[in-house]
Amino acid sequence: MFQDYRRSLIPQSVQDVLDRTLKYWRLDRYVIGTNKKEPNYRFRLWSPYNPEAVPETIVAGFSLSQMPGCCGLCVSHDAYVISSLRGRGIGTALNELRIYLARNMGYTCLLCTDVDSNEPQKKILSKNGWKTNMTFCNKRTGNIVNLHSALL
Ligand SMILES: CC(C)(COP(=O)(O)OP(=O)(O)OC[C@H]1O[C@@H](n2cnc3c(N)ncnc32)[C@H](O)[C@@H]1OP(=O)(O)O)[C@@H](O)C(=O)NCCC(=O)NCCS
């Protein structure tokens, strides 16, 4: 599935944070890979210890996709932490990592959206340099959605 291992994209300082995170929460390993064409990447944390599900479960992750038509702009999406591991700082660590990776991959700007009622995500973004550019009502779902950006 994730054949393209890219640990080398991550600097030692971030690897140290991730390794500590994995050890502390007894997670198994992390993988940066792609099952699409570059420059779109998926980052995943895996756990053999997750009591909620079968072994080898993906417990957290995010994806980075280049904005069609603009090689300077990257969209972060599908950020999540499995519910049993939320509230322990993993989402905050992953936010730091996605910013680092997008910068390291050469992007100038990173975009993401969240639903306005998503308090944990709003905290992560507001505490880590993201700006809210726009708030709108998604006509498809009726959700109030915020569009955020970070300069890299
Ligand atoms: C959003 C998400 C990734 C956050 O992951 P997480 O590992 O729980 O994040 P953290 O543990 O780093 O917590 C982030 C902040 O939210 C706070 N928080 C956690 N749960 C909360 C809750 N239920 N209500 C309010 N704040 C909460 C934490 O205290 C922390 O704030 P702090 O830094 O001031 O202490 C996770 O909740 C998730 O996967 N949600 C479902 C998918 C989703 O919404 N993805 C984002 C799409 S934009």
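Keep in mind the model is a prediction, meaning the values are calculated, not measured.

**Topic: the nonpolar core**
Ranked by internal contacts, the top residues of the largest apolar core, which has 19 residues, are Ala60, Cys74, Leu94, Ala102 and Leu110. Only β3 (57–66), β4 (73–81), α2 (90–104), β5 (109–115) and α3 (119–126) provide two or more residues apiece to this core.

**Remarks on the confidence of the model for the protein**
Low pLDDT marks regions whose predicted coordinates should not be analysed in detail. When the pLDDT values of the protein are averaged, the result is 79; 66% of them are 70 or greater. For the stretch residues 1–5, pLDDT sits under 50, and the model shows eleven contacts to residues farther than four places along the chain or on other chains.

**Looking at the site of the ligand**
Residues in close proximity to the ligand total 18 residues, the closest being Tyr80, Arg86, Gly91, Thr92 and Pro120. Secondary-structure elements contributing two or more residues to the shell around the ligand are β4, α2 and α3. For the shell around the ligand, the element with the highest residue contribution is α3, accounting for five residues. Across the shell around the ligand, the residue classes tally to six nonpolar, six polar and six charged.

**Some thoughts on α3**
Among all positions in α3, only Gln121, Ile124 and Leu125 are buried. Viewed along the axis of α3, the buried residues span an arc of 95 degrees, placing them on a single side of the element. Turned more than 90 degrees from where α3 packs its buried face, Glu119, Lys123 and Ser126 sit exposed.

**Details of α2**
Its 15 residues give α2 an end-to-end C-alpha distance of 21 Å, which sits within 8% of 21 Å, the value for a rise of 1.5 Å per residue. Among all positions of α2, only Ile90, Leu94, Asn95, Leu97, Arg98, Leu101 and Ala102 are buried. Positive backbone phi, approximately 100 degrees, marks Gly106, located one or two places after α2.

**With respect to the pairing of β4**
Examined bridge by bridge, β4 and β5 share three bridges and lie parallel to one another. Note that in β5 the partner of Val75 across the bridge is Leu111. What joins β4 to β5 is α2, and the crossover it makes is right-handed.

**Overview of unusual backbone geometry**
In the Ramachandran plot, Asp78 falls in the positive-phi region, its phi being about 55 degrees despite a non-glycine side chain. With respect to the helices and strands, the residue Asp78 is situated in strand β4.

Conventions and cut-offs
Residues numbered from 1 in each chain as written. Predicted model: local features only at pLDDT ≥ 70, side-chain atom pairs only at ≥ 80, totals over all residues. Core = buried A, V, L, I, M, F, W, Y, C linked by C-beta atoms within 7 Å. Buried ≥ 20, exposed ≤ 12 C-beta atoms within 10 Å, placed from the backbone. Helix = DSSP H or I, 4+ residues; strand = E, 2+ residues; numbered from the N terminus. pLDDT = per-residue confidence, 0-100. Contact = placed C-beta atoms within 7 Å. Near = placed C-beta within 6 Å. Nonpolar A, V, L, I, M, F, W, Y, C, P; charged D, E, K, R; others polar. Arc of directions from axis to C-beta. Expected span 1.5 Å × (residues − 1). Pairing = 2+ DSSP bridges. Right-handed = clockwise from strand over helix to strand, strands pointing away.

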